[in-house]
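Single-letter residue listing:
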Amino acid sequence: MLPYINIPFQYAAGILGASTDEIKLITSFILSYPFAALLKRVPDEKPALKNIFIIGTSLFYLVGIFSLWTGIRTLAVSSIGAYCIAHFIQGPLMPWIGFVYLMGHLSISQLARQFANDPGVVDITGAQMVLVMKLTAFCWNVADGRLPEKDLSDFQKERAIRQLPSLLDFIGYVLFFPSLFAGPAFDYVDYKCWIETTMFEIPPGVDPSKRAPTRKKRKIPRSGTPAAWKAAGGVCWILLFLKLSGWYYPELLTGEEYMTYGFINRVWILHMLGFTTRLKYYGVWALTEGACILSGLGYRGVDPVTGKVSWDRLCNVNPWGVESAQNTRAYLGNWNINTNNWLRNYMYLRVTSRGKKPGFRASMATFVTSAFWHGFYPGYYLSFILASFIQTSAKSSSFLSYSTVAKSLTLIIDFRRYLRPFFLDPKTSQPTSSKVYYDIFSYLATQLAFSFTTAPFCLLTLSGSFRVWSRVYFYAIVGVILSTAFFASPAKARLTEALNKRSSTKGSVLQRTHSQESLASTEPILGLPPDPQKDLEEAVEEVKAEMELRQRK
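Residues numbered from 1 in each chain as written. Predicted model: local features only at pLDDT ≥ 70, side-chain atom pairs only at ≥ 80, totals over all residues. Heavy atoms only, no water.

### Brief notes about the packing of helix 4 (residues 69-88) against helix 6 (residues 125-145)
Where helix 4 meets helix 6, the axes come as close as 10 Å, and the angle between the chain directions of the two elements is 5°. The orientation of helix 4 relative to helix 6 falls into the category roughly parallel. In this structure, helix 4 contributes Thr74, Leu75, Ser78, Ser79, Ala82, Tyr83 and Ala86 to the contact, and helix 6 contributes Ala127, Gln128, Leu131, Leu135, Phe138, Cys139 and Val142. Classifying every residue of the contact of helix 4 with helix 6 by side-chain character gives 10 nonpolar, 4 polar and no charged. (Axes fitted to C-alpha atoms, helices over the stretch in contact; angles between N-to-C directions. Helix = DSSP H or I, 4+ residues; strand = E, 2+ residues; numbered from the N terminus. Parallel < 35°, antiparallel > 145°, perpendicular 65-115°, else oblique. Contact = heavy atoms within 4.5 Å. Nonpolar A, V, L, I, M, F, W, Y, C, P; charged D, E, K, R; others polar.)

Given below as structure tokens:
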């Protein structure tokens, strides 16, 4: 650590009421902006110099500011191990060996942090979580690069690594300073295209006049304005978090004062605890994404018609999408987007053999990976398990074909499938004037359900989580039970009959519609299975088939 570097951070921490390490972390995010501006000015034809600058800046953060010498060792063990696995191990098991190695190493760090039990101290586990996403993807990309193109999907072809990068390029990728501590994670191919500036080439068929504006001889487009907007947004989120965290904090809900409020107020405080916690992530991810944009890595491309530049390649969260979500998939799909993509592309779709449809095993493997990646606090697992049931309870279908209602009866819990059509015109599929009431109800149900579900993520412990849940009368769990009972009762058949009658009266069929509310995808989000009941049924069928096969033998 640099001499006297703690003094200004200790002073700021005393004023703001945060820990010294938390102030250091925010400072490192802000410092990444001038460093990213300098990085962009390194000549395009000198990628080695860019790598050296990136590595030097990250070492300054790790050692000069935080004195994380053990953190450097941890990152080195993961990185060197993954590189050696990718280099020396051939065959289809290579990426799985890399995955087990990296997740095992992360688990050790997660347990060490949990036993230390000092949330105000910044350790290396956050950076290691990001690194696990990058390096497991790296192993898979190298494995894809060794396969014939005919065996690869379009995504795999785009991400395949045909030749291992040099150590300098690899270390630069590992220690990319704008996303070192908190992400966003990205694939090596993105880094390679950025550092070689091929990312900024105009695609064939696009008018050269639509090229994004640049300065002097640089190929990296101007990115100061979008980066500044991200930085301003991030600072606002952080300031709002610092303000609200003095009002809504975990100890308030577990203390005696909480019970002096009425039930509605207790639910409101529970909701605000979750919102306040999310503010921290909104701020951190906005700041890190902005620094990536300033460096040029956030560049996605140019609209060939309007010439508008898109900078959302590394977008990790959509705050409005989360806070306005009316269903579980919209809520989870707008949160931690890069982790969603990693779980989908490098676990869910990899577990299943080529040519087969992902099923129970893929969903379960993704769920377990997501849970272990987050850590081992009991509260995490409470949230994950309950969220999977709520995912089922709120399971959506953005369409209802009345000719296939009978098949839909196999779904035990499906509120939107049976209630939403009453608020749509059967002939045009357009919302009726009364749909606003359905929207308000679904919004409140979604937000309050996740306020309850995510509380253990903030409280971490089993005792604290159950204490707070009991103080709001387990309302989300009661809701899930009542929903299950309702759709297991004759009421479901009556709803179906009413829908059929409504359809025959209008003489038309509701067709599939695409909207923000659509939950038609069957892929997990953040590792949560979209339909746990279906996955369980598939597991039972697999066991039965295996037993029958053994009996025949």
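### Overview of helix 20 (residues 435-453)
With 19 residues, helix 20 should reach 27 Å at 1.5 Å per residue; the first-to-last C-alpha distance of 27 Å fits that figure. Of all the residues in helix 20, the buried ones are Lys435, Tyr438, Ser442, Thr446, Gln447, Ala449, Phe450, Ser451, Phe452 and Thr453. (Expected span 1.5 Å × (residues − 1). Buried < 20%, exposed > 50% of the residue type's maximum accessible area, 1.4 Å probe, protein only.)

### Re the pattern of salt bridges
Counted under the stated rule, the structure contains 15 salt bridges. With its nearest N and O atoms 3.4 Å apart, the salt bridge here joins aspartate 187 to arginine 159. With aspartate 187 in the loop between helix 8 (167-174) and helix 9 (188-195) and arginine 159 in helix 7 (residues 154-159), this residue pair connects regions lying 28 residues apart in the sequence. Here the two residues aspartate 187 and arginine 159 agree in accessibility, since each one is buried. Note that aspartate 190 is salt-bridged to arginine 159, the shortest N-O span being 2.8 Å. A residue pair is termed long-range when its members are at least 10 positions apart, and aspartate 190 in helix 9 and arginine 159 in helix 7 qualify at 31 residues. Arginine 159 carries the same exposure label as aspartate 190, and that label is buried. (Salt bridge = Lys/Arg side-chain N within 4 Å of Asp/Glu carboxyl O.)

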